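# Fold and geometry: a report
Listed below, chain by chain, are the residues.
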Amino acid sequence: MPAPITEEQNRQDREALLDAAEALFYERGIQAVGMDQIRAASGLPLKRIYRLFATKEDLVVAVLQRRDQRWRGSLAAHVEHVADPRERVLAVFDWLAEWFAEPGFRGCAWVNAHGEIGASSEPVLAEVRSHKRAFHDQIAGWAHAAGMPSAEPVFLLAEGAIVAAGISGDTAPARHARATVETLLGSP
């Protein structure tokens, strides 16, 4: 009889699986990636994968949840390193420009997931909406601290820049959105 799987092994297997699934889903798309590809990339047997996540949909949701924490955490670390509230709002777009320039950038993972399966998967749709609300609230905090009466223009410019950069493969949308927000903020 095989030895029982420890909590540490569960954690390691789960992380390896999420790493493999996230990379494949982001690079190729959710529907284009089969469970055999995830098995091969993670090094885990299918039986083990399905013990960790009962369905591919569950795996997609977990990937998006983990990515949200890392993505928004990275953004917050970058922005909150800036002391001036006005400059913090602009730092959002500096961070976006850096992200857009990363090798393998394919736009917003949540917009991509929504476009692929959001209409047919309530759990994925709920996760996409949760991420977008959290990103909006993050921006709202910085915008309000800078004295902006509404965060909507900043949020919409950030979202638009992400989509435009994902489609164009260019970092310019971050610069253009930043310049627009700078105008909205007015003189310091």
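As shown above, the structure is provided for reference.
Residues numbered from 1 in each chain as written. Predicted model: local features only at pLDDT ≥ 70, side-chain atom pairs only at ≥ 80, totals over all residues. Heavy atoms only, no water.

## Considerations on the overall build of the chain
Helix and strand counts for the chain come out as nine helices and zero strands. With respect to the three principal axes, the spread of C-alpha positions in the chain is 70 × 30 × 30 Å. Among the 188 residues that make up the chain, the fraction classed as buried is 43%. Sequence-distant contacts in the chain: of pairs separated by 6 or more residues, those separated by 24 or more amount to 67%. As displayed, the chain offers around 9,800 Å² of accessible surface, 55% of which is attributable to carbon and sulfur atoms. (Helix = DSSP H or I, 4+ residues; strand = E, 2+ residues; numbered from the N terminus. Buried < 20%, exposed > 50% of the residue type's maximum accessible area, 1.4 Å probe, protein only. Contact = heavy atoms within 4.5 Å. Areas by Shrake-Rupley, 256 points an atom, 1.4 Å probe, with all protein chains shown as cover.)

## A closer look at the environment of A40
Along the chain, A40 turns up in helix 2 (residues 35-42). By relative accessible area, A40 is classed as exposed at 54%. The sequence separation of A40 and P4 amounts to 36 residues, and the corresponding C-alpha distance is 23 Å.

## Describing the packing of aromatic side chains
Evaluated as defined, the whole model comprises nine aromatic pairs. Judged by centre distance (5.1 Å) and plane angle (40°), the rings of F100 and F105 are tilted. A single burial state applies to F100 and to F105, both of which are buried. Each residue in the set W71, W95, W99, F100, F105, W110, F135 and F155 is aromatic and connected to the rest through ring pairs, giving one cluster. (Phe/Tyr/Trp six-rings, centres within 6.5 Å; stacked < 30°, edge-to-face > 60°.)

## Points about helix 6 (residues 109-118)
Buried within helix 6 we find A109, W110, A113, I117 and G118. Angularly, the buried residues of helix 6 cover 110° about the axis, an arc narrow enough to put them on a single face. Where helix 6 is buried, its residues contact helix 1 (7-28), helix 4 (56-80) and helix 7 (122-145). (Arc of directions from axis to C-beta.)

## Remarks on the packing of helix 5 (residues 85-100) against helix 7
Axis separation between helix 5 and helix 7 bottoms out at 7 Å; the angle between their running directions is 145°. As helix 5 packs across helix 7, the resulting crossing turns out to be left-handed. Facing helix 5, whose interface residues are P85, R88, V89 and V92, helix 7 presents I139, W142, A143 and A145. Considering only residue class, the contact of helix 5 with helix 7 consists of seven nonpolar, no polar and one charged. (Axes fitted to C-alpha atoms, helices over the stretch in contact; angles between N-to-C directions. Left-handed = near helix turned anticlockwise from the far one by under 90°. Nonpolar A, V, L, I, M, F, W, Y, C, P; charged D, E, K, R; others polar.)

## Notes on the pattern of salt bridges
If you walk through the whole model with that rule in mind, you get 15 salt bridges. Measuring nitrogen to oxygen at the nearest pair gives 2.7 Å for the salt bridge that ties D13 to R48. Taken as a pair, D13 in helix 1 and R48 in helix 3 (residues 46-52) lie far apart in primary sequence, 35 residues in all. Since its relative accessible area comes to 9%, D13 is described here as buried. Where D36 meets R39, a salt bridge forms, and the shortest distance between an N and an O atom there is 3.8 Å. Of the two residues, D36 and R39 both sit in helix 2, three residues apart, roughly one turn of that helix. (Salt bridge = Lys/Arg side-chain N within 4 Å of Asp/Glu carboxyl O.)

## Some words on the environment of D13
Linking D13 and K47, residues 34 residues apart in sequence, is a C-alpha distance of 12 Å. Those residues in contact with D13 that sit more than four places away from it in its chain are L44, R48 and L52. In terms of polar contacts, D13 uses its side chain to reach the side chain of R48, at 2.7 Å. (Polar contact = N/O pair within 3.5 Å; in protein donor to acceptor, adjacent residues only side chain to side chain.)

## A word on the side chain of E22
Inspection of the secondary structure puts E22 in helix 1. Engagement of the side chain of E22 in a polar contact is seen with the side chain of R66, the distance being 3.0 Å.

## A word on the side chain of S42
Counting through the fold element by element, S42 comes out in helix 2. In this structure S42 touches A16, L17, A20 and I49, once residues within four positions along its chain are discounted.

Coordinates in, geometry out; function isn't part of it.
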